[in-house]
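# Observations on the three-dimensional arrangement
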Amino acid sequence: MTDLGLPDTILACLFDLDGVVTRTAVVHAAAWKETFDAFLRERGGEDVRPFDDGDYGQYVDGRPRADGVRTFLASRGIELPEGTPGDPPGASTVHGLGNRKNELLLEKIRTGGVEVYEGTLRYIERARARGLRTAIVSSSANCRDVLRSIGAEDLFDVRIDGVVAAARGLAGKPRPDTFLAAARDLGVGPEQAAVFEDALSGMDAGRAGRFGYVVGVDRAGRRDALYAHGADLVVTDLAELGAER
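A short tour of the structure in this document, coming up. (Residues numbered from 1 in each chain as written. Predicted model: local features only at pLDDT ≥ 70, side-chain atom pairs only at ≥ 80, totals over all residues. Heavy atoms only, no water.)

## Some thoughts on the overall build of the protein
Definition in use: To qualify as a helix, a DSSP run of H or I must reach at least 4 residues; to qualify as a strand, a run of E must reach at least 2; elements of each kind are numbered from the N terminus. We take the radius of gyration over the C-alpha atoms and set the globule estimate at 2.2 Å times the residue count to the 0.38 power. The contact criterion used is simple: two residues touch if any of their non-hydrogen atoms lie within 4.5 Å. In this description, accessible areas are obtained by the Shrake-Rupley approach with a 1.4 Å probe, and a residue is regarded as covered only by the protein chains that are shown.
Secondary structure summary: the protein contains 10 helices and six strands in total. For a compact globule of 245 residues, the expected C-alpha radius of gyration is about 18 Å, and the protein comes in at 18 Å, within 12% of that figure. Projected onto its principal axes, the C-alpha positions of the protein cover 55 × 35 × 30 Å. For the protein, long-range pairs separated by at least 24 residues make up 62% of all intrachain contacts whose partners lie at least 6 apart in sequence. For the protein, the exposed surface amounts to about 10900 Å²; the carbon and sulfur share of it is 48%.

Here it is in structure tokens:
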């Protein structure tokens, strides 16, 4: 293992954004909760249990926005029309609910700002100093704006986010397509790349893509679940990896 805590065959690092680089996972969860709870109350029916942390981790975290809507609603036995990406926020369609969630998310980011995990930023700088290539891989369509807001855009050689994935027709996590695209853009094979993720869907993607090393970042007490979904190693902060100097 290198002093970055990685096998010496690793040439590139692929980082998720929310929950790994930035402290925005909790903001996403709050926006999803507000969106789904309002929808369930208005819809009524037998199952109007509030959206909770377990729902977020199992059905939404790490997935593209529309996939998160479909997957959570399916868990409650609800199916909605797809609608279109231009549906107004809150419309009773998959895209309408997704747009409402994004509207709430951006409002929360504007009022509360974006916090970063300093241990992650230091780790990325160490990796780049040792010649490793780096990519940000996120399902968020707001990824570039978030990176610019924290002054971190230059830390990544490649960006594969919700906008790029849609343009290229890449399936989102738990499929490995976005991570595989990042590795290709960096000029390495998956066996030469390490994935850094906090979401269970991201662990599944790392395992499905047969990446050289998969690091689970446990921000929510899901250590065992991260291992069960394919992590080679689980840490609570990337500062734990190797010898930070």
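From this point on, the discussion continues.
## Brief notes about the packing of aromatic side chains
Which entries qualify depends on this criterion: Aromatic rings from Phe, Tyr and Trp, with only the six-membered ring used for Trp, were paired whenever their centres fell within 6.5 Å, and each pair was classed as stacked if the ring planes differed by under 30 degrees, edge-to-face if by over 60, and tilted otherwise. Throughout this description, buried means an accessible area under 20% of the type-specific maximum (1.4 Å probe, protein chains only), exposed means over 50%, and partly exposed covers the range between.
The final tally for this structure, using the stated rule, is 10 aromatic pairs. On the basis of an interplanar angle of 65° and a centroid distance of 6.3 Å, the ring pair of phenylalanine 15 and phenylalanine 156 is categorised as edge-to-face. A residue pair is termed long-range when its members are at least 10 positions apart, and phenylalanine 15 in strand β1 (residues 12–15) and phenylalanine 156 in the loop between α6 (143–149) and β3 (158–160) qualify at 141 residues. In this structure, phenylalanine 15 and phenylalanine 156 share a single accessibility class: buried. Centre to centre, the rings of phenylalanine 36 and phenylalanine 51 are 5.3 Å apart; their planes meet at 40°, and the pair counts as tilted.

## Topic: the pattern of salt bridges
Put simply, the rule reads: We define a salt bridge as a side-chain nitrogen of Lys or Arg found within 4 Å of a carboxyl oxygen belonging to Asp or Glu.
Under the defined criterion, the tally for this structure stands at 19 salt bridges. Arginine 148 serves as the salt-bridge partner of glutamate 153, at 3.1 Å between the closest nitrogen and oxygen. By relative accessible area, which is 25% here, glutamate 153 ends up partly exposed. With relative accessibility at 48%, the residue arginine 148 sits in the partly exposed group. As a salt-bridge pair, glutamate 197 and lysine 173 come within 2.6 Å of each other at their nearest N and O atoms. Of this pair, glutamate 197 sits in strand β4 (residues 193–197) while lysine 173 sits in the loop between α7 (162–168) and α8 (177–186), and the two are 24 residues apart along the sequence. On the basis of relative accessibility, which here comes to 0%, the residue glutamate 197 falls in the buried class. The network of salt bridges with shared partners includes Asp16, Lys173 and Glu197.

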